[in-house]
Amino acid sequence: MTERRYGSGRVPRSTELASTILDNAERDVVFTLRIRGESLDLLSRHFQGFIERSLVSNGVDYGDHPLLRLFVETHGRELTDFVVNGMALSHQMDLTAFERFGGDSTHLLRADVWDSLRGYIESAELHFMSGLGGLHDILAEVDAHRPDAAGGADG
């Protein structure tokens, strides 16, 4: 790392800051993988469908609770965010590696990304099925709202 010494007022602060950041680039600057566009929409729709199928297998449909669609959409976004953020965190490339990147290694990177993506999707689904704030909470809310449930909504 190069120590930059500038006289007061000789170099604008933004220039000095940019130079300092680039001096630290090998340690502090990373390129991350980001899922977006049609792939992000596909991932989101997958999780909404996954949640809907999970609810149907437990005897729940959209007529059972007035906020069920909102629950499905919210949980679908949460699972999507889990996968997107996990991929961004686990696939970071520092500046030096990025500068040397080339050749046939893109196929290795694609396989690594595929494996991670599959793993994060499976982890998100497992968490939804078994964790707090997922399927169990939605089912409890629907059961509490059903007219035949004690303390449920009026029929």
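See above for the structure.
Residues numbered from 1 in each chain as written. Predicted model: local features only at pLDDT ≥ 70, side-chain atom pairs only at ≥ 80, totals over all residues. Heavy atoms only, no water.

Asker: Any chance you could explain the nonpolar core here in plain terms?
Answerer: Within soluble globular proteins, side chains that are nonpolar generally end up buried alongside one another. Ranked by size, the top nonpolar core spans 21 residues in total, and within it Phe47, Ile51, Leu55, Val83 and Phe128 carry the most contacts. Listing elements by their share of this core, those giving two or more residues are helix 3 (37-57), helix 4 (68-90), helix 6 (105-130) and helix 7 (135-145). With six residues, the single largest contributor to this core is helix 4. With residues up to four places along the chain from it excluded, the contact list for valine 83 reads Leu43, Phe47, Leu117, Tyr120, Ile121 and Ala124. (Core = buried A, V, L, I, M, F, W, Y, C linked by side-chain atoms within 4.5 Å. Buried < 20%, exposed > 50% of the residue type's maximum accessible area, 1.4 Å probe, protein only. Helix = DSSP H or I, 4+ residues; strand = E, 2+ residues; numbered from the N terminus. Contact = heavy atoms within 4.5 Å.)

Asker: Would you mind going over the packing of aromatic side chains with me for this structure?
Answerer: We describe a pair of aromatic rings using the distance from one ring centre to the other and the angle between the two ring planes. With the rule as written, the count across this model stands at two aromatic pairs. Pairing phenylalanine 82 with tyrosine 120 gives two aromatic rings, centres 5.8 Å apart and planes at 70°, and the pair type is edge-to-face. Of the two residues, phenylalanine 82 is situated in helix 4 and tyrosine 120 in helix 6; the sequence distance between them amounts to 38 residues. With relative accessibility at 38%, the residue phenylalanine 82 sits in the partly exposed group. The ring of tyrosine 62 is capped by arginine 69, whose NZ or CZ atom sits 3.9 Å from the centre of that ring. (Phe/Tyr/Trp six-rings, centres within 6.5 Å; stacked < 30°, edge-to-face > 60°. Lys NZ or Arg CZ within 6 Å of the ring centre and 35° of its normal.)

Asker: Teacher, can you tell me more about the pattern of salt bridges here?
Answerer: It is possible for side chains of opposite charge to pair when their charged atoms get near one another. Using the criterion set out here, one finds four salt bridges in the structure. We note a salt bridge from aspartate 28 to arginine 27, for which the minimum N-O separation is 3.0 Å. Take aspartate 28: its relative accessible area is 45%, and that puts it in the partly exposed class. Arginine 118 is the partner of glutamate 122 in a salt bridge, and the nearest nitrogen-oxygen pair spans 3.5 Å. Of this pair, glutamate 122 and arginine 118 both sit in helix 6, four residues apart, roughly one helical turn. Salt bridges sharing common partners tie together Asp115, Arg118 and Glu122. (Salt bridge = Lys/Arg side-chain N within 4 Å of Asp/Glu carboxyl O.)

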